[in-house]
Amino acid sequence: MIFTLRWFGHEDPVSLTALRQVAGLDGVVSGLPDILAGGVWTPAAIEARRRELAEHGFAWTVAESLPVSEAIKLGGPERDEHVAAWCTSLRNLAAAGVRTVCYNFMPVFDWIRTDFALPLADGSTAMAYAHADLARFDFSAGMERLAAWAQGYTGAELEALFRRARALGEERLFEHLTAFLAAVVPVAEEAGVRLALHPDDPPWPIFDLPRIVSDAAGIERILQAVDSPANGLTFCTGALGAAAGNDLPAMAEAFAPRIAFVHARNVRRTGARDFHEVAHHPSAGDVDLVGVLERLMAAGVDVPLRPDHGRMLWGEQAIPGYGLRDRAIGLGYLQGVVAAFERSRA
Ligand code: CS2
Ligand code: MN
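Quick caveat, the model's predicted, so the values are computed rather than measured.

A. Local environment of the sheet that holds strand 4 (residues 100–104). Ordered in space as 1-2-3-4-7-8-9-12, the eight strands form a closed barrel in which the pairing is parallel. When strand polarity is set aside, the average angle formed by the axes of neighbouring strands in this sheet is 30°. Alignment of strand 7 (residues 194–198) against strand 8 (residues 231–236), held across three bridges, turns out to be parallel. Residue pairing for strand 8: Leu197 is matched across the bridge by Leu233. The sheet strands contacting helix 2 (residues 43–55) are strand 2 (27–30) and strand 3 (60–64), and the helix crosses strand 3 at an angle near 135°. Contacting strand 4, strand 7 and strand 8, helix 5 (residues 155–191) runs over the sheet at an angle of about 150° to strand 7.

Here it is in structure tokens:
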């Protein structure tokens, strides 16, 4: 496994100097959030980020996320132009040595939570999701961009997007995804890039918006639709693990050849559609991270892996989910599990 941590660039209160103190880090996951969906990641912008990381001794291992515009997801007049821009960005990333590209295909919203700092019994805080609390969102004033989201929206924009996305439905969203993949996967193949589709987070419909990357059947269908190793998956154990019906070790084994990137995260399920995030340690939650890593290692999966969201510990202030403390502890745990498997198989 290639051990990485995510860094958000100038918006991130965690510095690269701080990341440097984490042992056994093979590279960094980063993106260019200033470039809106539909825009091109130019060689100059990529080079600036690459150089910044290199100055701290880091490789830029994964681009996360290269945003897919709503025109591509929902179908809009700028679709072809945006797909062409996405392909140009892929080629530019490959030329700079970034060969794993994470993206998602959730309409309108990327990941969502209903509480960004739920106090846990141990005195830390974590992000939480309670399905019933979605009703409390008032979109009339719009929605600010959450960390890692491609953008925020005004109330009017949201209303229009909601209308379009709800009218679209799952089947046509799937058609839009396969049309997108048919266009970008050959470019990825040629450039030597693996695409890594992030699952829906949470893995069920929210606000009556269609979602199609939530379970084994949906993922299988997408991987089959364009059957190439370049059409890969981000195996996010936290996103998928929020649904009790997802058997993560079985999914890790089934999709191993197509897993291009791993997000390791643990959640505690508190209801059918309720959960909060917890430490990576198995005692803390419901995700069988050891089982997942065991299957991945047995299948010879050797791809970038990063600890995903963690708790906020000891008063740390950071982007929700992305404090360094719990992620660094989680990384150490994951490194230990992987090292033990490697040793036992040697
Ligand atoms: C989230 C997202 O689960 C996660 O990693 O923090 O930001 C995720 O990276 C994006 O949805 C991927 O496109
Ligand atoms: Mn994730």
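B. Quick peek at the packing of aromatic side chains. All told, the structure shown has 18 aromatic pairs when counted by the stated rule. Connected via pairs of aromatic rings, a cluster forms that spans Phe109, Phe137, Phe139, Tyr153, Phe162 and Phe207. Across the ring face of Phe58, the terminal group of Arg20 is positioned such that the distance to the ring centre comes to 4.3 Å. For Arg221, the ring lying beneath its charged end belongs to Phe174, and the centroid distance is 3.7 Å.

C. Examining the coordination of the manganese ion (ligand 2) more closely. Every protein donor of the manganese ion (ligand 2) is accounted for by His198 (NE2), Cys236 (SG), His263 (ND1) and Asp308 (OD), and the metal-donor separations fall at 2.2 to 2.5 Å. Coordination at the manganese ion (ligand 2) is irregular: its six donor atoms span angles of 50 to 175° at the metal. Each donor residue of the manganese ion (ligand 2) belongs to the same chain, and together they define the spacing H-x37-C-x26-H-x44-D. Here the residue His198 occupies a position in strand 7, and Cys236 occupies one in strand 8, the gap between them amounting to 38 residues. Comparing His198 with Cys236 shows no difference in burial state: the two are buried.

Parameters and conventions
Residues numbered from 1 in each chain as written. Chains lettered and ligands numbered in written order. Predicted model: local features only at pLDDT ≥ 70, side-chain atom pairs only at ≥ 80, totals over all residues. Heavy atoms only, no water. Pairing = 2+ DSSP bridges. Helix = DSSP H or I, 4+ residues; strand = E, 2+ residues; numbered from the N terminus. Axes fitted to C-alpha atoms, helices over the stretch in contact; angles between N-to-C directions. Contact = heavy atoms within 4.5 Å. Phe/Tyr/Trp six-rings, centres within 6.5 Å; stacked < 30°, edge-to-face > 60°. Lys NZ or Arg CZ within 6 Å of the ring centre and 35° of its normal. Donors = N, O, S within 2.8 Å, 3.2 Å for Na, K, Ca; no water. Tetrahedral: all angles 85-135°; square planar, octahedral: opposite > 155°, others 65-115°. Buried < 20%, exposed > 50% of the residue type's maximum accessible area, 1.4 Å probe, protein only.

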